[in-house]
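Remarks on the overall topology
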Amino acid sequence: MTYAPGPSAAVKAPWHLSVLLLLIFAAAWPFDPSYSGHHQDLTLDEMSQAVEKGGVQRPIALCSLGLFAVLALLSKERSRLRVNGPLGFSLLFFLFLALASPAWAEDPSLTVRRVGVLVLLSLGALAVAARLSQIRTVALAVCVCSFTLIISLAVELASGTFRPFDGTWRFAGVVHPISQGWNCGLLAIASLALAGACPRSRKRFILLALVALLFLGLTRSRMALASTILASTVYGTVLSAKVRKLTFVSAYLLLCASLLWISLGEDLGRTAQSIAALGRGEEGASSVSTLSGRVPLWNEELGYVRARPVLGYGYNAFLSPHNLRGVSQNSGWVPASPHSAYIGTLLDLGYLGAATFVLVLLLGLRRSLSLARNGPGAAFAAAVMIWLCCNLFLESGIIMEPTLPTFISMVIFASLSFKENGACPSVRFISSRRFLTRMPGTIGPRAGGA
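Residues numbered from 1 in each chain as written. Predicted model: local features only at pLDDT ≥ 70, side-chain atom pairs only at ≥ 80, totals over all residues. Heavy atoms only, no water.

In terms of helices and strands, the protein carries 19 helices and two strands. Classification of the 450 residues of the protein by burial places 52% in the buried group. In the form shown here, the protein has an accessible surface area of approximately 20300 Å², with 66% of it arising from carbon and sulfur atoms. (Helix = DSSP H or I, 4+ residues; strand = E, 2+ residues; numbered from the N terminus. Buried < 20%, exposed > 50% of the residue type's maximum accessible area, 1.4 Å probe, protein only. Areas by Shrake-Rupley, 256 points an atom, 1.4 Å probe, with all protein chains shown as cover.)

Quick look at the structure:
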């Protein structure tokens, strides 16, 4: 089965909501122009102080998101909500564990703050999922990720730090290079989805996807790039028979090239290591074997699991100032997060929470893939689920920190888990020329447009 959109399909863009979310997360993330240079990592004392006190602007921004969520959920202009089978109940149980975790947490005050962030993000994601169809969620992702990329590029150019040919430079702008990698990856996937939903604007969105991939490469974020390519390939194979054939041919050619490389006596491992460095130089190549220091960090963190194996240290609260000092001294660097959502959840909520977390991901992946052929919006949800599961291996911030990619991922989870029409994805195309002419916020050409 191959999806075939109507010739005049278009999607109304949620511009106002995009600007609102951009402002909220620019304060909650927050956007920091100092990332555009060689941003220095925080020292142990600075990181401990940041964990203990937090920022002033983040609570204000997230409370604004919570207020919006309450008003949106009370509005009549939204879809009806319900719990959709095992996925919905598993997600609710995971949220229950997180909400209850201050009761047994090692640092209750830190855990309460982190749980508060989770609650506000979850309410906001549920409100957006209830108000937007799947394809308009794609449009939302394109809008907010494009805005972030444009702002980041403007900051880099204005500060004179845009140096793509410098091996030590990574494109960042106003966020960390890894976060920028998530942003560009999500933009690429969403642009491809809109290219399928809006045939008349297909070339524009394909061009936008290529631009996003270019800047994703400039971030030199390895997992973000690999997961985006994988997710984009899955998106294409789900909806297009031609892409399926091209994928199989490409995989066969890649296998043949690898065998030829080995037969010529070349060191395939060294070549793969050089490619994986993504132009970061000798230091980047040498860090591939330890995943940029993550392997010794994970070994150190897993030693803490034995002390609290069942329920953990409290939701997103393992790296308290006390534990941060011990982990930093033994691993040799100061981590801002556990650098793996799977290990992080094991530390935060124990084996019970980690098992529930993996179950939620598997059920979400299964549900999204089962619905993926119903249209670009549904296929986008499946692609993002794959993209998310891959990135969670090396990072935890993408699901635990208040970032825009985190929020878009949570919106998709909310749509799959709690929208009443989740069994039949809500893909709404605006195909009437007369209606397109009257809608100034429509993505795609107007009637008579080129």
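A word on the packing of aromatic side chains. This structure, assessed with the given rule, holds 13 aromatic pairs. Ring geometry for Tyr342 against Phe393: centres 4.8 Å apart, planes inclined by 50°, an arrangement best described as tilted. One end of the pair, Tyr342, is in helix H15 (residues 341–371); the other, Phe393, is in the loop between helix H16 (376–391) and helix H17 (397–400), with 51 residues separating them in the sequence. Each residue in the set Phe94, Tyr342, Phe357 and Phe393 is aromatic and connected to the rest through ring pairs, giving one cluster. The side chain of Arg308 reaches across the aromatic face of Tyr313, ending 5.4 Å from its centre. (Phe/Tyr/Trp six-rings, centres within 6.5 Å; stacked < 30°, edge-to-face > 60°. Lys NZ or Arg CZ within 6 Å of the ring centre and 35° of its normal.)

Together, Val83, Phe89 and Leu92 line one region of the surface with nonpolar side chains, adding up to about 260 Å² of accessible area. Classification of Val83 by relative accessible area gives partly exposed; the value is 32%. (Patch = residues over 30% accessible without salt bridge, like charges linked within 9 Å, V, L, I, M, F, W, Y side chains within 5 Å. Salt bridge = Lys/Arg side-chain N within 4 Å of Asp/Glu carboxyl O.)

In the contact formed by helix H1 (residues 15–28) and helix H6 (residues 134–159), the axes pass within 9 Å of each other and the chain directions differ by 50°. Comparing their axes, H6 and H1 come out oblique. Seen from above, H1 lies across H6 with right-handed handedness. Taken together, the residues of H6 that come into contact with H1 (itself represented by Trp15, Leu17, Ser18, Val19, Leu21 and Leu22) are Leu140, Cys143, Val144, Phe147, Thr148 and Ile151. (Axes fitted to C-alpha atoms, helices over the stretch in contact; angles between N-to-C directions. Parallel < 35°, antiparallel > 145°, perpendicular 65-115°, else oblique. Left-handed = near helix turned anticlockwise from the far one by under 90°. Contact = heavy atoms within 4.5 Å.)

In this section: the confidence of the model for the protein. Detailed reading of the predicted coordinates is not advisable wherever pLDDT falls low. This prediction gives the protein a mean pLDDT of 82; 75% of its residues lie at or above 70. Mean pLDDT across the secondary structure elements of the protein bottoms out at helix H19 (residues 433–438), with 37, and peaks at helix H4 (residues 85–100), with 96. Counting interchain partners and residues more than four positions distant, the pLDDT-below-50 stretch residues 422–442 has 56 contacts. (pLDDT = per-residue confidence, 0-100.)

Taken as a whole and assessed by the stated rule, the structure comprises three salt bridges. Here Glu401 ties to Arg58 by a salt bridge, and the two come within 3.6 Å at their closest N and O atoms. Taken together, the residues span a long stretch of sequence, with Glu401 in the loop between H17 and helix H18 (404–418) and Arg58 in helix H3 (residues 57–74) at a distance of 343 residues. By relative accessible area, Glu401 is classed as partly exposed at 24%. Across the pair Glu395 and Arg294 runs a salt bridge, and its minimum N-O distance is 2.3 Å. Placement of Glu395 in the loop between H16 and H17 and of Arg294 in helix H13 (residues 294–305) is noted, with a sequence separation of 101 residues between them.

Our next topic: the side chain of Ser90. Relative to the elements of secondary structure, Ser90 occurs in helix H4. Each residue touching Ser90, except ones within four places of it in the same chain, is listed here: Thr356, Leu359, Val360 and Leu363.

Looking now at unusual backbone geometry. Look at the link from Trp29 to Pro30: it is a cis peptide, with omega at -10°. Tracing the backbone shows Pro30 in the loop between H1 and helix H2 (44–53). Positive phi is not limited to glycine here, since Arg220 has a value of about 55°. Of note, Arg220 is situated in the loop between helix H8 (202–219) and helix H9 (222–239). Judged by its relative accessible area of 8%, Arg220 falls in the buried class. Positive phi, normally seen in glycine, also occurs at Asn316, with a value near 55°. Residue position: Asn316 is located in the loop between H13 and helix H14 (321–331).

Turning our attention to the side chain of Arg294. A relative accessible area of 10% means that Arg294 is categorised as buried. Here the side chain of Arg294 touches Glu395 through a polar contact of 2.3 Å, side chain to side chain. Apart from residues lying up to four places away in sequence, Arg294 is in contact with Ile178, His339, Leu394 and Glu395. (Polar contact = N/O pair within 3.5 Å; in protein donor to acceptor, adjacent residues only side chain to side chain.)

Moving on to the environment of Ser370. Looking at where Ser370 falls in the secondary structure, it is placed in helix H15. Taking the C-alpha atoms as reference, Ser370 lies 8.6 Å from Ala382; in sequence the two are 12 residues apart.

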